[in-house]
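Listed below are the residues making up each chain.
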Amino acid sequence: MLFTDTINACAEVAGILWQKGWAERNGGNLVVNITDEIDDTMRRLPPLAPAVRLAVPLPALTGRYFYCKGTGCRMRDLARKPMDNGSIIRIAPDGASYEVIACKPIMPTSELPSHLAVHHKLVETGSDKKATLHTHPTELVALSHLPQYASTDELSRCLWDMIPETRLFCPKGIGVLPYAEPGSEELAEGTLRLIVSHDAVLWAKHGVFSIGTDIIDAFDTIDILNKSAQIRCSILVAGNQ
Ligand code: 2HA
Ligand code: ZN
């Protein structure tokens, strides 16, 4: 994929998330591995801000580049101006810190620990998946408040039973992670543990995290899972079990 296509796709998905009501205020974030898409001019760019240490070193990401939504930035603004509401970071040669190199000194999303932990695993395992996405899909979050859907098995089975697409496109189901503090290493560790064997991870009472070959692919997974959740909620509202 070309760098401009990747950025346009991020802007497109950000607009859809806002339209769907899944991205209130600065809710949600996205990170795309763009290492294969950038040219030598970009590689030579100096840092725009002091290097930031990573809580956990990520040696497999040494010298990799990522486009990240900016912390505190709105998806609806990123949809119109992706380089004013996100930035490009480079992981240092020792894999223990990162620098923002373009286009503005915008610091990356508060959920960077979860995104980078998953990207580390994807690179380590030679995966073709380049994008990670976190958003707040209303009905999936609603179901996570119900005790009967607090487990991975119960929730995945429920979602598969709603429409055939869910089993077809999300055969590994959705892993359910109990509530953890947003932006925490605990959330990152749990996400990493579950994403390797599921299509997406539900952060209970918060949102969903998914991976994809590109950001559209990562969005489609959450869109299908939430369609099932919408149908389940409609059934519950109609007074049926
Ligand atoms: O970036 O959604 O989980 C804002 C959030 C934190
Ligand atoms: Zn969130």
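This text gives an overview of the structure that appears in the document. Everything quoted here is computed from the prediction, not taken from an experiment. (Residues numbered from 1 in each chain as written. Chains lettered and ligands numbered in written order. Predicted model: local features only at pLDDT ≥ 70, side-chain atom pairs only at ≥ 80, totals over all residues. Heavy atoms only, no water.)

### What about the pairing of strand 6 (residues 131-135)?
Taking burial as the measure, the five residues of strand 6 include five buried ones, the bulk of the element. Burial of strand 6 is two-sided: the residues Ala131, Leu133 and Thr135 facing one way and the residues Thr132 and His134 facing the other way are all buried. Two strands pair when backbone bridges link them, and strand 6 and strand 9 (residues 207-212) are joined in this way by five bridges, in the antiparallel orientation. Paired with Leu133 across the bridge in strand 9 is Ser210. (Buried < 20%, exposed > 50% of the residue type's maximum accessible area, 1.4 Å probe, protein only. Helix = DSSP H or I, 4+ residues; strand = E, 2+ residues; numbered from the N terminus. Pairing = 2+ DSSP bridges.)

### Details of the packing of helix 4 (residues 112-124) against helix 8 (residues 185-195)
Where helix 4 contacts helix 8, the two axes come as close as 8 Å, and the packing angle between them is 35 degrees. In the packing of helix 4 onto helix 8, the handedness of the crossing is right-handed. Judged by residue contacts, Pro113, Ser114, Ala117, Val118 and Lys121 of helix 4 engage Glu185, Leu187, Ala188, Thr191, Leu192 and Ile195 from helix 8. Tallied by class, the residues present in the contact of helix 4 with helix 8 amount to seven nonpolar, two polar and two charged. (Axes fitted to C-alpha atoms, helices over the stretch in contact; angles between N-to-C directions. Left-handed = near helix turned anticlockwise from the far one by under 90°. Contact = heavy atoms within 4.5 Å. Nonpolar A, V, L, I, M, F, W, Y, C, P; charged D, E, K, R; others polar.)

### Some remarks on the environment of Arg53
Position of Arg53 relative to the elements: it lies in strand 2 (residues 52-53). Overall, Arg53 belongs to the exposed group, its relative accessible area being 62%. C-alpha of Arg53 to C-alpha of Ile91: the two residues are 38 residues apart in sequence and 9.9 Å apart in space. Beyond its immediate sequence surroundings of up to four residues, Arg53 is in contact with Ala96 and Ser97.

### Points about the sheet that holds strand 6
Across a sheet, strands are paired by hydrogen bonds formed along the backbone, either parallel or antiparallel in direction. Taken together, nine strands build an open sheet; the order of strands is 2-5-4-3-1-6-9-8-7 and the sheet is mixed. Single-partner strands in this sheet number two, and they are strand 2 and strand 7 (174-177). The pairing of strand 7 with strand 8 (residues 200-203) spans four bridges and is parallel. Following the sheet pairing, Gly175 is matched in strand 8 by Val201.

### Details of the site of ligand 1
Neighbouring ligand 1 are the residues Asn26, Gly27, Gly28, Asn29, Ser110, Glu111, His134, His136 and His206. The contact in question runs from an oxygen atom of ligand 1 to an N or O atom on the backbone of Asn26, over 3.4 Å. Within the side chain of His206, a nitrogen or oxygen atom sits 2.9 Å from an oxygen atom of ligand 1. Calculation on ligand 1 without its partners gives an accessible area of 220 Å², and the protein chains cover 89% of this total. Tallied by class, residues from the shell around ligand 1 come to no nonpolar, eight polar and one charged. (Near = heavy atom within 4 Å. Polar contact = N/O pair within 3.5 Å; in protein donor to acceptor, adjacent residues only side chain to side chain. Areas by Shrake-Rupley, 256 points an atom, 1.4 Å probe, with all protein chains shown as cover.)

### A word on unusual backbone geometry
The amide bond that connects Ala102 to the next residue, Cys103, takes the cis arrangement and shows omega of -20 degrees. A positive phi angle, close to 45 degrees, is found at Arg25, a residue other than glycine. Turning to its location among the elements, Arg25 is positioned in the loop between helix 1 (3-19) and strand 1 (29-33). In this structure Arg25 comes out as exposed when scored by relative accessible area, which is 54%. Unlike most non-glycine residues, Lys205 shows phi in positive territory, near 60 degrees. Its place among the elements puts Lys205 in the loop between strand 8 and strand 9.

### Describing the nonpolar core
Membership of the largest hydrophobic core comes to 44 residues, with the highest contact counts inside it found for Tyr67, Ile88, Leu133, Ile174 and Ile215. Considering every element that reaches this core, the biggest residue donor is helix 9 (residues 215-237), with eight residues. Leu133 has contacts with Val13, Leu17, Asn29, Leu30, His115, Val208, Phe209, Ser210, Ile215, Ala218, Phe219 and Ile222, leaving out every residue within four places of it along the chain. (Core = buried A, V, L, I, M, F, W, Y, C linked by side-chain atoms within 4.5 Å.)

### Quick notes on the coordination of the zinc ion (ligand 2)
Every protein donor of the zinc ion (ligand 2) is listed here as His134 (NE2), His136 (NE2) and His206 (NE2), and their distances to the metal cover 2.1 Å. All donors of the zinc ion (ligand 2) belong to a single chain; written as a sequence motif, their spacing is H-x1-H-x69-H. With His136 in the loop between strand 6 and helix 5 (138-143) and His206 in the loop between strand 8 and strand 9, this pair connects stretches of sequence that are 70 residues apart. Judged on exposure class, the residue His136 and its partner His206 are both buried. (Donors = N, O, S within 2.8 Å, 3.2 Å for Na, K, Ca; no water.)

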